[in-house]
Amino acid sequence: MSYGLLRPLLFTLDPERAHTLSIAALEALGRMPQSMAYLTKHYSVTDPRLAQDFWGLHFPNPVGLAAGYDKDARAAAALPALGFGFIEIGTVTPRPQPGNPRPRVFRYPAQQAVINRMGFPGEGAAAVARRLAALPGHPVPIGINLGKNKDTPLDQAQDDYVTALELLFHYGDYLCINVSSPNTPGLRLLQGEEALRGLLSAVAAANQRLAVQHQRPPLPLLLKLAPDLDNDDLNAIGGLALGTEPLVDGFVATNTTVERPVSQPGLSESGGLSGAPLLEQSNAVIAQLYRATQGQVPIIGVGGILSAADAYAKIRAGASLLQVYSGLIFRGPELVREILEALPGLWLKDGYPDLAHARGSAA
Ligand SMILES: Cc1cc2nc3c(=O)[nH]c(=O)nc-3n(C[C@H](O)[C@H](O)[C@H](O)COP(=O)(O)O)c2cc1C
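Residues numbered from 1 in each chain as written. Predicted model: local features only at pLDDT ≥ 70, side-chain atom pairs only at ≥ 80, totals over all residues.

Description of the overall build of the chain
Piece 1. On a plain count of helices and strands, the chain comes out with 12 helices and 13 strands.
Piece 2. For 363 residues, the compact-globule estimate of 2.2 N^0.38 gives 21 Å, and the chain sits close to it at 19 Å.
Piece 3. On the principal axes, the C-alpha backbone points of the chain span a range of 50 × 45 × 45 Å.
Piece 4. Within the span of the chain, comprising 363 residues, buried residues form 50% of the whole.
Piece 5. Contacts in the chain between residues at least 24 apart in sequence constitute 74% of all its contacts with a sequence separation of at least 6. (Helix = DSSP H or I, 4+ residues; strand = E, 2+ residues; numbered from the N terminus. Rg over C-alpha atoms; globule rule 2.2 N^0.38 Å. Buried ≥ 20, exposed ≤ 12 C-beta atoms within 10 Å, placed from the backbone. Contact = placed C-beta atoms within 7 Å.)

A word on helix H8 (residues 279–292)
Piece 1. Taking 1.5 Å of rise per residue, the 14 residues of H8 would be expected to cover 20 Å, and the 20 Å separating its terminal C-alpha atoms lies within 8% of that figure.
Piece 2. Burial analysis of H8 places 10 of its 14 residues in the buried class, the great majority of the element.
Piece 3. Within the sequence span of H8, burial applies to Leu279, Ser282, Asn283, Val285, Ile286, Ala287, Gln288, Leu289, Tyr290 and Ala292.
Piece 4. Packed against the buried residues of H8 are strand S9 (221–225), helix H7 (231–239), strand S10 (250–253), strand S12 (299–302) and helix H9 (308–317).
Piece 5. Looking one or two residues past H8, Gln294 carries a phi angle of roughly 50°, positive in sign. (Expected span 1.5 Å × (residues − 1).)

Quick notes on the site of the ligand
Piece 1. Lining the immediate surroundings of the ligand are 28 residues, of which Ala66, Gly68, Ser274, Tyr325 and Ser326 lie closest.
Piece 2. Counting residues per element, the ones that place at least two in the shell around the ligand are strand S4 (86–92), strand S6 (113–116), strand S11 (272–275) and helix H10 (326–331).
Piece 3. Considering only residue class, the shell around the ligand consists of 11 nonpolar, 15 polar and 2 charged. (Near = placed C-beta within 6 Å. Nonpolar A, V, L, I, M, F, W, Y, C, P; charged D, E, K, R; others polar.)

Describing the nonpolar core
Piece 1. Leu168, Leu175, Ile177, Leu222 and Val324 are the most contacted members of the largest nonpolar core, which has 105 residues in total.
Piece 2. In terms of residues, this core owes the most to one element, H8, which gives 7 residues.
Piece 3. Once residues within four sequence positions are removed from consideration, Val324 is found in contact with Val63, Leu65, Ala66, Ile305, Leu335 and Val336. (Core = buried A, V, L, I, M, F, W, Y, C linked by C-beta atoms within 7 Å.)

Structural measurements only, silent on function.
The structure is reproduced here in structure tokens:
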């Protein structure tokens, strides 16, 4: 059934209920090889011009699923069949926790926007590790997005990231350190340069130790940033990825915003805003990060992609890879196929032979 037919039904439900149902459906489909083959045929776009290689990983295409949709890796077996070039699981916290009281997700169809204040509900790192261990394979790279438990004091936050990493090291292809969710009190304070140096050094040391212990390379370490940082913050943070001993291998930009566009007064719930109103703000952050790192550091661009044109604008701002979440709520998985089918034509029309040449052309 196409998403166009499903959407009116899903939109009669509370957004979190619709989300839970979609996860349950994908979890079941992931166990049915015939359904998986059907989904793959319907949604996958195979085009060698879309393939990208970063951090020693092969991405069959540049459009990934953003963190927050599959927090507990329930749908991880099925998601690649929807056409994604990679998927990011999480945010995973070391211990299980319930998150904030409901309702905590709100749709705004007229603005193509979402506000959420989930607060990292989840089953915890050990449960996610068990699920990822049971996957038959990794047809696309799997990122694991890590966060801290709400009741862990901020000065002990690094222990949470290290504990979660120890449990999940074997099962992911890259790590994303989330210090940018607005819904865990104090979390964004970890984006200060000194706090980040401490946190990233501790995570990098654990990553190295686990690599030696298990005789495999350390996981690429990415940092997910808020769209509410100013240019000075971004220049300082960009610097952490440069030099002879960089503390991070890339960025995911951006998370949701706590700001509200003055031109759209209806977006009144508290929490993080995503979807169409976030596009320009997140592109500005990507462009500043791109300039701060002289285009040398890969950036996963996320925030407000609802069309192929939006996806291409993110590449022009400086993104090497892309992620979507809110766009899927309004457009369904057809959005991924639409972007993938259109992207090569968009960069060729502008005279760029490939994504890498189009990257940063508007920064
Ligand atoms: C309901 C919801 C839950 C989210 N949960 C997480 C999360 O757990 N961790 C995280 O890093 N980002 C989370 N995000 C942020 C998304 O990954 C993404 O950065 C943001 O929504 C911007 O992209 P979009 O406009 O395509 O949705 C969440 C977003 C939404 C809408």
